[in-house]
Amino acid sequence: MRKFYLVPFYIPLLASGQECTSTDGHNFYIGGQWVRPADPAVPPIVVIDPSTGARATSVNAGGAADVDAAVAAARRSFPGWSGVTPAVRRDHISRLRDAYVGRQEEMARAISTEMGAPIDFALESQVGAGLYHIDNFLAALESFEFPLAGGGGATTILMDATTILMEPVGVAALITPWNWPMNQVVLKVVAALAVGCTCVLKPSEAAPLSSLLFAEMVHDAGFPPGAFNLVTGGGGDGGAGELLAAHPDVDMVSFTGSTRAGAAVSRAGADTFKKISLELGGKGAAVVFADVGDDLEEYVTQVVERCFENTGQSCDAPTRLLVERDVYHRAVEIAQGVALAHAVGSAHAPGDHLGPVVNSAQFDTIQKYILSGVEEGGRLVAGGPGRPKGTDAAGFYVRPTVFADVDNNMKIMREEIFGPVLGMMPFDSEEEALEIANDTPYGLTNYVYSGSPERCRRMARAMRSGMVEMNGVGIDGAAPFGGMKASGHGREGGVYGLEEFCHVKAVSGWED
C-alpha cells in the first residue's frame, strides 16, 4: 500500500465566517465571499439555452483585476489549508458531498439549461458523475496512511537513506469544459483541495451555471476563505483562462478542453514554468473481431450508444468503429438500426433521448463534418445533415449519423467532431486493425472486442492510448483517466488524480 505524507505545518484552520448571499450569475466567489467584478464595464457573457436557442441568463466575465484577486486569495489561504490534518480536509469534502447530494435536482436543471443534456440524463449521469468522483476521492483518502502527525496527501517510499515526499503544488488554476461540467469540476477541485492545494476555478463560458451552484456548495461546506475561488469568463484572447495560465502566482494549471486550447495553455504557462496537466481531445477506435460470435449485436450496440452518449460530446467516445470483414456488413446493419432508433428532443423534456448540442458554433461545425463525410465518399446509412424532424428550428439539434465504408484518411476519421457521428470501416487482420487504430494524432481511449482474452490483452498493450476498454467493461472510477499524444498527459481520478496535484521531494536522513 502506498503511504501518503505531507510536511506538517501546524497552522490552524480558520472558519470561513462569511455568509453566502448571491450566485445570481453576476458575482465571482473570491476569498470566501461573493464579489462584483472589478470592472463592471467588461461585457457579460450570454448563456444560451441549446434547446431553444434563446438567452437563458448572463454571467460576468472576469478581467485581470478579478483574476489577480482570486489568485491572491488562494495564495494567502495556501499555508493554512495545506497545513491542516488530512482528517480535517476529509471532513470538509464530506460536508461538500452532503451539500451536493442535497441539491442534485437543482444542479441537473442548471446543466440541462446551459449545455443541453436531457434532464433525466443530466440528473443520473452528469450530476451522478460528480457524486461518483467525490465518493472515489473520499475512499482514496481513507485508504492512505498518514503516520506523520498533521501530514497528508503524499506518497512515501523508504529507501536506504532517502524518503520521498509528495507535497501539494500550491495554487492551482482549474479550467474546465462544458461537455461534462460536474465530472470535470469535481475531478479537479476535490483532488486539489484533498491534498492541500488551493485553487481558482474557471469554468467554460458556455456552461458556468453549474459551477456557480457548485461554489455555493463549497461555501456551505465551510472551506476556509481563499481555499476555493471562482471566476467566470472567457478562455483565450485575454480572457480569465488565459490570464490564469500566465499568472506568475499560479503554480499549476489543470486544463480539460480541446487540443488547440491545450497547446495555448501550455504556451501561456511556459514562461513561469508551471506544472501543466492536460486532458484533451480524442478520436477513439472500437475494434470488433469476428470471434465475438453471438455477442456481435450487443457489442456493436454498445459502441453506437457510447458514441452517441451526451449527444456525442465526450472526448473518450468511440467515433471510429473498425469491424473484421467477415461480420462487417452485419455490423453496419446493427449500427444503422441503433442510430435510427434514437429519438432527439428538448433537454427539458423527460425521457431517454438525445438532446441538442451545446451551441450554434458546435452545430455548424458538426454539419460541416457530415457534409465532408458525404463529399469524401462515405456511405451514409443513418442521419445526415440538417435537424431531426419535429425539433425546434431554433435549437441546436443534430441527426444521429453513421457513415459506412469510410477510410482512415477522411476528415471525419482524422479530426474530433464532438457530435453524434460514427464512421465504420472493415479490416482483414489484427495487424491491420492495430495500425488503423493507432493511426491518429490522439491517444485517449480505445476499445477492443474479441472472444479471445489473449487477443484483447495483446491489442490493449499495443494500442497507443491512455485507456483501453475490453469487451464492454468500463474503466473503474478510481483508475487514472487520461491520454497520450494530442490527448494530453495528465491523469485524473482516484490516487493518480491526487498525485497529479503534488510535487515530489527527496529527503535524506529521515527517521520515522
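Attention here is on the structure that accompanies the text.

Procedures and definitions
Residues numbered from 1 in each chain as written. Predicted model: local features only at pLDDT ≥ 70, side-chain atom pairs only at ≥ 80, totals over all residues. Heavy atoms only, no water. Core = buried A, V, L, I, M, F, W, Y, C linked by side-chain atoms within 4.5 Å. Buried < 20%, exposed > 50% of the residue type's maximum accessible area, 1.4 Å probe, protein only. Helix = DSSP H or I, 4+ residues; strand = E, 2+ residues; numbered from the N terminus. Contact = heavy atoms within 4.5 Å. Axes fitted to C-alpha atoms, helices over the stretch in contact; angles between N-to-C directions. Parallel < 35°, antiparallel > 145°, perpendicular 65-115°, else oblique. Left-handed = near helix turned anticlockwise from the far one by under 90°. Nonpolar A, V, L, I, M, F, W, Y, C, P; charged D, E, K, R; others polar. Phe/Tyr/Trp six-rings, centres within 6.5 Å; stacked < 30°, edge-to-face > 60°. Lys NZ or Arg CZ within 6 Å of the ring centre and 35° of its normal.

**Here we look at the nonpolar core**
Counting 71 residues, the largest nonpolar core has Tyr 100, Met 107, Val 189, Phe 214, Phe 228 and Phe 501 as the members making the most contacts within it. Ranked by the residues each element gives to this core, the list is headed by helix H5 (residues 181-195), at 11 residues. Not counting residues up to four positions away in its chain, the partners in contact with Met 107 are Tyr 100, Val 127, Met 182, Ser 210, Leu 213, Phe 214 and Met 217. Membership of the second largest hydrophobic core comes to 31 residues, among which are Leu 296, Tyr 328, Val 332 and Ala 335.

**With respect to the packing of H5 against helix H6 (residues 209-220)**
Two elements in contact, H5 and H6, have axes whose closest approach is 10 Å; the angle formed by their N-to-C orientations is 45 degrees. One way to sum up the angle between H5 and H6 is to call them oblique. Both H5 and H6 take part in a crossing whose hand is right-handed. For the pair H5 and H6, the contacting residues are Pro 181, Met 182, Val 185, Val 186 and Val 189 in the first and Ser 210, Ser 211 and Phe 214 in the second. Broken down by class, the residue content of the contact of H5 with H6 amounts to six nonpolar, two polar and no charged.

**Re the packing of aromatic side chains**
All told, the structure shown has eight aromatic pairs when counted by the stated rule. Relative to Phe 223, the ring of Trp 81 has its centre 5.4 Å away and its plane inclined at 55 degrees; by these criteria the two rings are tilted. Highlighted residues: Trp 81 in helix H1 (residues 64-83) and Phe 223 in the loop between H6 and strand S10 (228-230), separated in sequence by 142 residues. Phe 223 shares its class with Trp 81; the two are buried. Considering the side-chain rings of Trp 178 and Phe 418, the 5.6 Å spacing of their centres and the 85 degrees angle between planes classify their relative orientation as edge-to-face. Of this pair, Trp 178 sits in the loop between strand S8 (171-175) and H5 while Phe 418 sits in the loop between helix H12 (411-414) and strand S17 (421-427), and the two are 240 residues apart along the sequence. Neither residue differs from the other here; Trp 178 and Phe 418 are each classed as buried. An aromatic cluster is present here, built from Tyr 29, Trp 34, Phe 214 and Phe 228 joined pairwise through their rings. Above the ring of Phe 363, the side-chain terminus of Arg 387 is found at 4.3 Å from the ring centroid.

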